[in-house]
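# An overview of the molecular structure
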Amino acid sequence: MTDVSIASCPKLTMRNSISLPQNNQYVIGIAPTIDYTTFTVNTHKNIYIYDTNTLQPLQELIGHRDTITEAKYINQNTLLTSSKDKTINIWDVRASQQPAKTINLPSAILSFDVNSTQTVLAAGTELIGEDAIIYLWDVNGDKLCAQFPDSHSDDITQISFQPNTDCKMITGSTDGLISLFDVTSLNEDDSLQFVITAESVNTLGYFGPEYEYLYSLSHIETFSMYTSDEGDIVNEFGDIRPLLSHPELPINYIIDCHYDDINQRLYLIAGCENGDIGVFHVGASTIQLCGLMKGSHTDIVRACTWNHEHNFIITGGEDSKICIWTE
């Protein structure tokens, strides 16, 4: 890490905070609406919606029977959530506490994404027997259009479509493989473009002005960057924690990676066991501390989202607390 004094590093101010209705719940994920006026928080079992300005709870959504694994908005009022109960629920958050539609799939769903034209939904499953499957769902036809059972041999933890195309998709798994597909073809062999051998994939995404790069965070806190057209290595940092740690900020884990498409910058968000958080700018070969969030969370932080236009960050963690931070 570039030597930056903790004392001189910008400190974000905790603007507002609230605790979950049940104090023994962990915040697992945070999903903002497109304009960030509201956001959704999911624990293992519950889904809550909050007003961003006031942190007023707006509603609780009820519809999954097992662990909720992911949540994301595809437009201002449509939320998708996946679960180990083998479903993806589609919610109109204006209308009801119950899902507007449920997609039933044969296996527990760990990850999903929808392409830019909202015509294809891809979902990744946990390993059942010898199979971990990528399902492709035709949104317009409301039917399963393909399944890829051979590309991964363990839990599929990440799926992401390239934002500026409707057909390129990356998947990551605990088998240590990152696969890139072009789903113009629904044949698995023809669709698979290349495979990167990495570590067990925890977080995976695109970045760059044309989304020409990939980042990957592993479950053992290694961090790597690749080109998205061929999978060539840009940099492999290895275990990122020693590079981020400072005596006054002993980093133990990575919370997430965020790409600021306004300023075209990549950031790592990392945490300490006591709940303190560091924000780090990632260059091609350097990582620099550029922000601190301290003194509010008291336990491990599990989720965050960053509004780069209005420059605030929402965090949530194992202390059952949700915080909003500003400069």
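Residues numbered from 1 in each chain as written. Predicted model: local features only at pLDDT ≥ 70, side-chain atom pairs only at ≥ 80, totals over all residues. Heavy atoms only, no water.

With an unreviewed UniProt entry as reference, the chain is termed WD40 repeat-like protein, source organism Piromyces finnis.

### What about the sheet that holds strand 6 (residues 68-73)?
Within the open sheet, the four strands sit side by side as 6-7-8-9. Their pairing is antiparallel. One side of each edge strand has no neighbouring strand; the edge strands of this open sheet are strand 6 and strand 9 (101-104). Between one strand axis and the next, the sheet turns by 15 degrees as a mean value, whatever way the strands run. Strand direction decides the pairing type here: strand 6 and strand 7 (residues 78-83), joined by five bridges, are antiparallel. (Pairing = 2+ DSSP bridges. Helix = DSSP H or I, 4+ residues; strand = E, 2+ residues; numbered from the N terminus. Axes fitted to C-alpha atoms, helices over the stretch in contact; angles between N-to-C directions.)

### Section: the UniProt feature "repeat: WD" (unreviewed entry) in the chain
Within this numbering scheme, the UniProt entry marks residues 61-101, 149-191 and 294-327 as carrying the feature "repeat: WD" (unreviewed entry). End C-alpha to end C-alpha, residues 149-191 measures 13 Å, and it is 9% helix and 51% strand. (UniProt positions renumbered as here; feature names shortened; annotations may be inferred.)

### Remarks on the pairing of strand 21 (residues 233-239)
Bridging between strand 20 (residues 222-227) and strand 21 involves five bridges; their strand directions are antiparallel. Of the residues in strand 21, the one forming a bridge with Tyr 226 is Ile 233.

### Things to note about the pattern of salt bridges
Taken as a whole and judged by the stated rule, the model has seven salt bridges. For Arg 94, the salt bridge is made with Asp 92, and the minimal N-O distance between the two is 3.0 Å. By relative accessible area, which is 23% here, Asp 92 ends up partly exposed. In this structure, Glu 318 engages Arg 302 in a salt bridge whose closest nitrogen and oxygen atoms are separated by 2.5 Å. One end of the pair, Glu 318, is in the loop between strand 27 (312-317) and strand 28 (321-326); the other, Arg 302, is in strand 26 (residues 301-307), and 16 residues separate them in sequence. Overall, Arg 302 belongs to the partly exposed group, its relative accessible area being 41%. Here the salt bridges share partners, and the residues they tie into one network are Glu 70, Lys 72 and Asp 113. (Salt bridge = Lys/Arg side-chain N within 4 Å of Asp/Glu carboxyl O. Buried < 20%, exposed > 50% of the residue type's maximum accessible area, 1.4 Å probe, protein only.)

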